[in-house]
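Spelled out, the chains give:
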Amino acid sequence: MKKSVFTMLIIATLAACSQKADLYKDASQPVEKRVENLLSQMNLEEKVGQMNQFVGLEHMKAALGNLTEEELYNNTANAFYPNTSVADVENWTKQGLIGSFLHVLTIEEANYLQSLAMESRLQIPIIFGIDAIHGNANCPDNTVYATNINLACSFDTAMAYTIARQTAAEMRAMNMHWTFNPNVEVARDARWGRVGETYGEDPYLVGLMGVKSVEGYQGNLNSANDVLACIKHFVGGSQPANGTNGSPTDISERTLREVFFPPFKLGVDAGAMSLMTAHNELNGVPCHENDYLMNEVLRKEWGFKGFVVSDWMDIEHIFDVHATAENLKEAFYQSITAGMDMHMHGIKWNELVCELVREGRISEKRIDESVRRILTVKFQLGLFEQPFADVENSMKIRLNDEHRQTALESARNGIVLLKNSSFPVIAAKAAISSKQEIAGQARNDTPLLPLDFSKYKKVLVTGINADDENILGDWSAQQKPENVITVLEGLKMISPETNFDFVNQGWDPRNMDKAQVELAAQKAKSADLNIVVAGEYMMRYRWTERTDGEDTDRSDLDLVGLQNELIQKVAASGKPTILILISGRPLGVEWAADNLPAIVEAFAPGMYGGQAIAEILAGKINPSAKLAITIPRSVGQLQMVYNHKPSMYFHPYAAYKSSEPLFPFGFGLSYTNYEYSDLKIEPRAKSQEPRQAKPDYKVSVKIKNTGNFDGVEIVQLYIRDKFSSVTRPVKELKDFARVPLKAGEEKTVEFTVTPDKLAFYDKNMNWVVEKGEFEIMVGKSSKNEDLLKATIVVE
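Within any chain, residue numbers begin from 1 and follow the written order of that chain's sequence. A pLDDT threshold of at least 70 governs which residues receive local features in this predicted model, and a stricter bar of 80 or more applies before side-chain atom pairs are shown or counted, although totals over entire chains, interfaces and linings include all residues. Based on all heavy atoms of the structure, the side-chain values leave hydrogens and waters out of the count.

### With respect to the pattern of salt bridges
Put simply, the test is: Should a side-chain nitrogen of Lys or Arg be within 4 Å of a carboxyl oxygen of Asp or Glu, the pair is scored as a salt bridge. The way it works is that DSSP assigns letters per residue, a run of H or I at least four long becomes a helix, a run of E at least two long becomes a strand, and they are numbered from the N terminus.
By the definition in use, this model includes 52 salt bridges. Between Glu 359 and Lys 329 there is a salt bridge, with the nearest N and O atoms lying 2.6 Å from each other. Of this pair, Glu 359 sits in the loop between α15 (349-358) and α16 (364-380) while Lys 329 sits in helix α14 (residues 328-338), placing them 30 residues apart in sequence. Residues joined by salt bridges that share partners form a network here, namely Asp 131, Arg 194, Glu 197, Lys 232, Asp 474, Arg 540, Arg 546 and Glu 550.

Here you go:
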C-alpha cells in the first residue's frame, strides 16, 4: 500500500525532530551547538539537578556503620542526608536530577553511578570530582607524589606539570574527571592545617605552580587523558583571624590584589574551567555569597569562563554559621545571585532552587547560565562519548613505572636540608649540660652529612614517623605496604649491612609512651648514630586523631606530645643525632636548631619519601630544595613572612627573643657550595604596553659550583622599590631558575625584569610603574647576606 503524502510528511517531520533532538549526542557538532541543543530539551528540575552534587553511595554507607547491605541501602538516618536513603540517591540519579558526585573512590562505583545516569531521559553523564591533591592519592592503588608544599620547595614548575598530567591519566583510568586542585591560596599562617596543601607563602611562586598544574590537568580539555582543574579557595582563607580553617578574614583591597588575587588571576588566564570559593567570610561577607568576588572580579574583570563550585556545605553555612541568611532557601538565593554555579552538596537544593525560580526570584535564564557552563565542560571532556572507564585497563595506567619514577623524583627534589654542621655542636646546652663530656667525639669542622654508613655499625632509629605510612601526607588514603617506603625501610635499602635499631614510638604523638621514650634514650647511648623522625600525624582515615591537615589547626607550632623530650634525651647520649621532620606545616623546632648537627625538613614526600630521605642522608642525592615558606621560631612570631613591609620590625621583639625566623623563605642547604659573582643589569627596548612604557632589563649573574658534589642550585631574583608612593615589601620574589652545575662548573644565568615586575597599585589603586630606584637582588635565599644587589633607575 502506498503511503499518502500526508503520512510521508509526518514521518519526515518526526525524523527531523528526532535528528534535532539527538544533535547533542553527535560528537561531530561544535560544543556550543550541542550545549544549546541539550539545554533546550531540559526541564527545570533537570537543570537544577545539574547544579547539584552528592557524596558517593559508599561514602554514605560508611557513615552508617555496621549494618546489613539491605539496611545500608534503605536506611534514611545517615549522617549526610537526613531522611534520605542510598536507594533515594540512586533513583534521583536515574531521573537525571544529580549532575555530579564526589568521594567516589573506586572505578566500580563510578561506573555503576554512571550506568544509573544512562537510564535517565536525556542520558547526561555524571562528572566525578575528587581531591586529587598530590596524585589521585585519596583512592587506594594510585601514585602518591610529594605533596604541594614539597613541590613548591623544589621550585620545579616542569615537575608540577608532569605530576598533574600523570594524575589526570590515573584519574581518567578510574572514571574520575575533576580534581579539586590546585590550591593557590597564599599560606601566611602556619597554624592553619592546610599549609601543606598549598605552594607556600609567595604569590609569584604559588601562581606559577598553579598555572603549570592547571595546564597539566586540563591539557586542551579535549581528550580522554584530560581532567578539569579547580583553582581554590577564593579567597583569603589562608590568613584566618585565629589560624583556624574557615574563621573570618579581614583583608584590605590592596593586600587582596597584591598578595591573594594574583595566583587566581594567573589560573584563570591559564584556562582553569572551575573555581571553588573559600569557607570564610571576607571583610564581613561570606565568600559563598560574595558578588564582588564571583561576579565583579572573577567574571567581569578577569573574564572567567568556567563554573564556580561551593565548598563542603558552605552555602548552607551562610544560614547556619554566618547567619547572613535567615533560612536555607535564602542562603541558596543569595549564593546563586552572587554567581554560584554548583552546590557541594545536599538534598534540599533541587526543591528550594526550583521554588525560587517558580516564584520569580531567580530567573530560569540565570539557571541556564550555570547549566551551560557545566554542560560545556562535560562535552569538552568527552563524557557523552565515553561515560565509562575500562576496569581491566585501569591498573595498567595507575602506578605504572613512569609514574613511580616521577613520585621518587618529586620526593628527592622537594626535601630541604635545614642544618648540616659538624659534631659536637658548640651551641648544645639544653640536654647536654656543661659538666657532661661527649665521649669519644673529637670536634672537627666537617659537616655530619652526607653519612658514610660504613662508619656507623649501629644506628638508632626512632620517632613517630620513622616507620609509618604517614609519610604519604594529607589527602591520601591507606596504600598497600608494598607501595610505600618508610624512612626505616629506606635506610635499610640504602645500607643493608648497617644494624638499624628501631624503637617504636607509635604513630600518635598525643599518646606517646614515656617508657618507649626512655628506652630510646638508653639505646642511644650504645648507638654510633641516632636518627629521630618526628613531626605531625596527617592520615585522614584517623580523622579525629590527626595533628595536621584539613580542619586540623594548631594554637602553637611546637612538636606535639613527648617528641621534644625524646629528641633531647636521645641527643643527651652524646652521639650525633639527626632530626627528620614529617609534617605539612612549618614547626618551631628552635631547640633542635640550636643543639643538633643536622635537620632535614621532608614535609610529606609521598610514597617513596623514605627512599629519598635515605638517599639524601647517604649523599646519593645532593639536596637542592629551598623553603617555599618561612619557618618561625614560635607561634608568637606570626605573621612571619619574608615579603613584609619595612616597619614590620621597626620595634623588634623583646631583647631575649629574636625577630628573625628560624629558617627564612628560599633557604636550603646543599652538599656543595655555590659562589655568586658578577651581577650585571642592562636595559633593553621599551615595553610595547602603553601604560608601562618602560624598558625591560636583562639581569645576569655568574654561579660557580665550588664544591665536590654535582648539584642543582635554585637561583632567586628579588626586587624592592626603594621609595614609593605607598609602602612596598622589603623584597618580592620575581623570578627563579633551577640551574644544574657539575662540581667546578660555572654558568651565567640570565633573567628579564619586565615592567610588570616593577609595577604595583598606587594610592588610587591604579597599576603603575613609578619613577625612581629599584633594588635588584639575586642569590640563594631571601636572607640579605645571601644576595648580591644592584640598583636600576626608572625614569
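### Re the sheet that holds strand β9 (residues 307-309)
Quick note on the threshold: For two strands to be treated as a pair, DSSP must find at least two bridges joining them. Note on definitions: angles span 0 to 180 degrees between N-to-C directions of axes, and those axes are lines fitted to C-alpha atoms, for helices only across the stretch in contact. Contacts: residue pairs with any heavy atoms within 4.5 Å of one another.
The 3 strands lie next to each other as β5-β6-β9, forming an open sheet whose pairing is parallel. Bordering the open sheet on either side are β5 (231-234) and β9, each of which pairs with just one other strand. Recorded for the sheet is a direction-independent mean angle of 30° between the axes of neighbouring strands. Of the pairings in the sheet, the one linking strand β6 (residues 274-277) to β9 comprises 3 bridges and is parallel in character. Of the residues in β9, the one forming a bridge with Ser 274 is Phe 307. Across the sheet, helix α12 (residues 291-301) touches β5, β6 and β9, and the angle it forms with β9 is around 150°.

### Considerations on the sheet that holds strand β11 (residues 416-420)
Within the open sheet, the 6 strands sit side by side as β11-β16-β15-β14-β12-β13. Their pairing is mixed. With partners counted over all chains shown, the strands left at the sheet margins are β11 and β13 (499-504), one partner each. For this sheet the average axis-to-axis angle between neighbouring strands, irrespective of direction, equals 20°. Where β11 lies against strand β16 (residues 598-603), 4 bridges are found, and the strand directions are antiparallel. In the strand pairing of β16, Asn 420 is matched with Ala 598. Against the sheet, helix α19 (residues 487-494) contacts β12 (458-463), β13, β14 (529-535) and β15 (577-582), and its axis sits at roughly 175° relative to β13.

### Let's talk about the environment of Asn 181
For clarity, the threshold we go by: Side-chain atoms alone can form a polar contact between residues adjacent in sequence; in general such a contact is a pair of N or O atoms within 3.5 Å, and within protein one must be able to donate a hydrogen while the other accepts it.
Tracing the chain through its elements places Asn 181 in the loop between β4 (178-179) and α10 (203-218). Along the primary structure Asn 181 and Asp 141 are separated by 40 residues, whereas in three dimensions their C-alpha atoms are 20 Å apart. Leave out the neighbours within four places in its chain, and Asn 181 touches Ala 132, Ile 133, Asn 148, Tyr 199, Tyr 217, Ala 229 and Cys 230. Engagement of the side chain of Asn 181 in a polar contact is seen with the side chain of Asn 148, the distance being 3.3 Å.

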